[in-house]
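Listed below, chain by chain, are the residues.
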Amino acid sequence: MATLQYPNFPRANVLVLGSNAVHALLPSTLISQADALLEAHRLEDAADLAEQHRKKLQSMLNVDRHDLDELRYVNQRLGFQCFQETLFEDAGNRLYEGELDPRVLISYYPELLGELFRDDESVDVMAGVAEHMPQEDSVDDIIAANLVRNYSPHLAPNTREAPPAVELRNILSMTARDMLESYLRKWRRKLAVETPTPQLQAVRMVVDTALAKLHVNIGKLPDLDALIEQPNAIVLSELEPVLIKGRHFSALCKLYQQRGDDAKLLETWSRLVGGEWTDPGIQDPLSRIFDLLTDKKDRGLIQRWMPWLVKNDSERALKLLLSTMPSRRKAEDDRTLLQEIRTANPEAGAQLLEHLVIHRRSTDPQLHTELATTYADQLLSCLADESTSKLWRAKASSYASGRSDTPFISYFASTTPDSEHKRIRLKTVLFLQGSTLYEPEAIRVRLSPHAKLLKLELAILEGKLGNHRSALSILVHDMNDSTSAEAYCTLGGEVVPAKTAQAIGERAGLQPWAALVTPLAAPGKKPGAVSMKKTKTVDDEVKKDLVMILLEVYMSGGAATADRTAQLLNSQAMNLDVLDVISMIPPEWPLRVLSTFVTRSLRRTLHAHHEGQIVKAISQGQNLVVADQTWEIIREQGAVIEEPAEDDEEEVLGEKLGLELGERVQGEPASFNEKVHLHQVGFQPGALQDEGEGSVVDINVAPEEDGVTTSDPGSEADSGT
């Protein structure tokens, strides 16, 4: 106990003065009367005395504090006396009337104490009350002492083992705890209306915690739930082991939710899911875990529980994880999380890897390589199924035996029945074609043992490795897929065009995979132009080289591929040189293979020649217009000085400045003075009159070279541009 508070002394109203002393006539105080009655064991009289004094104070307008303290003293003394004599109901009422600190009464119930009281914590108790408090350590000891005092040695063999004594002890113990429950409930109501202070808060924590423990021990679970649902100050660390021991996990989870202790709440639910703990009051704890994590959106908490979640429900776990992942994450974090998920559930790890690469567009080469390896392993597992391998072999044979303008991948996607195996192969093909970050050599080595069934995949990998001849040979000779081979040349080494990938993606629901395949930029579009969709460009020289390789591959097939060779020559004539092609054609091939190609090449060459002549003539005319427009401006600026010149000087000057129209002299600007040329051909101003008014002079604007004039359709005039 702590600081003691002593009662006040009585006041005398009558004094008697003697020769040697002063005598005072003291009235009998409430405290002295109550002590005398209690010493005489007159409990009912003491109770009546306290009740009379209480009514007296209630009738007064102003009550002195000391009078209230005296009444409190009497009630506490009377309450502890009843408590000592196991009159628990009366004891509880009197102690509450005496406003005894509930911590004092709780101290007689060791099972409720725990660590509620610190060693340095103290409670104020009146001195007279403290002197008469029971000296036993617990209420059970008080009951035992009372039984010994009243029934020993009358009960055999003793008061501990005699059945009547045992039954009576149980009844008294139950009554004592019922009294404490009622006492604590009264104090809870009282504290609820009091102004909160640190001291009262400490009392409230002890009261609520002790009352909750008491409900658990007695088995009043509805009362416990009602207490938890109301505002309370329960010390969770004190009640937690009691609830776990009693397996009252529903109440424990409610307290965790009130305190915001999500970690312990999830731990409790996880044990309920695993079957370590059971509680009928908690339905579907796994869904509760997902709901809590979804509401909290705590990424750290989600990542911590993700390995456990994928073991129990991988689908919902991945959905939760992906919905809360930030748009930007470090590659190291992705790899760490992926490894944890794989350890818990390899299938869920594969799904997470696919999401990181396909949907979130991770640029980590390691993740791309891992996904390509995963797809390769899935392909091999598909081939392990005999029915699947037979079906794929039949599709390849059927396509190779005929001649179709449809690429093999489109044929496979449209004619193969829908299945998970088909979806895996389409995803693999689209990813191998679209991704540029994985290591193709490792995947090629993995798939090479099954080259007969996975020709398309190997052709894509050979193209990624730059083995164009090998890739085209697979497409032409092994697969008979000339359409993909020609697209390979146009796309600069890609087997699956973007349009084909997009069509497959829409049909099979694989749009994210199809989006990996980058389309070509529109013809004539500037490389730097901003586009809403990513595009790529292929260098013309690369196209020409690939077309030449494809031509060689076609020719290596002999006469069987002659028609394909002719078709290629006709379609790719722009990228082929006629002399190189003619030198490559085997002598025994018929002329019809080259006739169309050569005819178109010659026609295109002649067309280009004539087009050049037209362009040059147009340029000369434009130069004349510009010279005529700038002549007056140059003269006004004083840039041209005209002086009389001799004939021989004019010739020298003409040769130096290139007076012929449009002729350029090395190191000197060209002159476009048409009058000089007229003088050279002997033109006289008066000649127009001899020819008549309607005559027109033909001015030749092109220089004469080796006797070739503008009247020769095959001549080429030098332009001043």
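The rules behind the values
- Residues numbered from 1 in each chain as written.
- Predicted model: local features only at pLDDT ≥ 70, side-chain atom pairs only at ≥ 80, totals over all residues.
- Heavy atoms only, no water.
- Helix = DSSP H or I, 4+ residues; strand = E, 2+ residues; numbered from the N terminus.
- Buried < 20%, exposed > 50% of the residue type's maximum accessible area, 1.4 Å probe, protein only.
- Contact = heavy atoms within 4.5 Å.
- Areas by Shrake-Rupley, 256 points an atom, 1.4 Å probe, with all protein chains shown as cover.
- pLDDT = per-residue confidence, 0-100.
- Pairing = 2+ DSSP bridges.
- Phe/Tyr/Trp six-rings, centres within 6.5 Å; stacked < 30°, edge-to-face > 60°.
- Expected span 1.5 Å × (residues − 1).
- Salt bridge = Lys/Arg side-chain N within 4 Å of Asp/Glu carboxyl O.

Asks: How do you make sense of the overall build of the protein chain when you look at a structure like this?
Replies: Looking only at helices and strands, one finds 36 helices and four strands in the protein chain. A buried classification covers 40% of the 721 residues belonging to the protein chain. Long-range pairs, those at least 24 residues apart, make up 60% of the contacts in the protein chain with a sequence separation of at least 6. Accessible surface, the protein chain: about 40800 Å² in total, of which carbon and sulfur atoms supply 51%.

Asks: Looking at this structure, I do not really get the confidence of the model for the protein chain. What am I missing?
Replies: Fine structural detail should not be taken from predicted coordinates in areas where pLDDT scores are low. With 84% of its residues at a pLDDT of at least 70, the protein chain reaches an overall mean of 82. In the predicted structure, residues 1–5 sits below a pLDDT of 50 and forms 16 contacts with residues beyond four places in sequence or in another chain.

Asks: Just checking my understanding: could you explain the pairing of strand β2 (residues 14–17) for this structure?
Replies: Here is the key point about a regular strand: its side chains alternate between the two faces of the sheet. Summarising the sheet, β2 and strand β3 (residues 22–25) pair through four bridges and their orientation is antiparallel. Residue pairing for β3: Val16 is matched across the bridge by His23. The antiparallel hairpin formed by β2 and β3 contains four residues in its connecting segment.

Asks: Even after reading the chapter, I still don't get the environment of Pro102, so can you show me in this structure?
Replies: Position of Pro102 relative to the elements: it lies in helix α5 (residues 102–106). In this structure Pro102 comes out as buried when scored by relative accessible area, which is 1%. It is 7.7 Å that separates the C-alpha atoms of Pro102 and Trp187, two residues lying 85 residues apart in sequence. Sequence-distant contacts of Pro102, that is, excluding residues within four places in its chain, are made with Tyr183, Leu184, Trp187, Val203 and Val207.

Asks: It is not clear to me how the packing of aromatic side chains should be interpreted in this structure. Could you clarify?
Replies: How two aromatic rings sit relative to each other is set out by the distance from centre to centre and by the angle between their planes. Applying the stated rule across the entire model yields 11 aromatic pairs. Arranged with centres 4.4 Å apart and planes meeting at 10°, the rings of Phe249 and Trp277 form a pair that is stacked. A residue pair is termed long-range when its members are at least 10 positions apart, and Phe249 in helix α13 (residues 249–259) and Trp277 in the loop between α14 (262–274) and α15 (285–296) qualify at 28 residues. Each member of the pair, Phe249 as well as Trp277, is classed as buried. Considering the side-chain rings of Tyr399 and Phe408, the 5.4 Å spacing of their centres and the 75° angle between planes classify their relative orientation as edge-to-face.

Asks: Would you explain helix α20 (residues 365–383) in this entry?
Replies: Every α-helix winds through 3.6 residues per turn, so residues three or four apart in the chain are directed the same way. Between its first and last C-alpha atoms α20 spans 27 Å; for 19 residues at 1.5 Å apiece the expected length is 27 Å, and the two agree. Of all the residues in α20, the buried ones are Leu367, His368, Thr369, Leu371, Ala372, Thr374, Tyr375, Ala376, Leu379, Cys382 and Leu383.

Asks: Sorry, what's going on with the pattern of salt bridges here?
Replies: Once the charged atoms of two side chains with opposite charge are near each other, the side chains can pair. Applying the stated criterion across every chain yields a total of 32 salt bridges. The salt bridge partner of Asp208 is Arg188, with a shortest N-O separation of 2.7 Å. Here Arg188 lies in helix α9 (residues 163–193) and Asp208 lies in helix α10 (residues 198–218), a separation of 20 residues in the sequence. Of the two residues examined, Asp208 and Arg188, each falls in the buried class.

Asks: Even after reading the chapter, I still don't get helix α12 (residues 236–246), so can you show me in this structure?
Replies: Taken residue by residue, α12 has Leu236, Glu238, Leu239, Glu240 and Leu243 as its buried positions. Check the buried side of α12 and you find it contacts α6 (110–113), α10, α11 (221–229), α13 and α14. Looking one or two places after α12, you find Arg247, whose phi comes out positive at around 60°.

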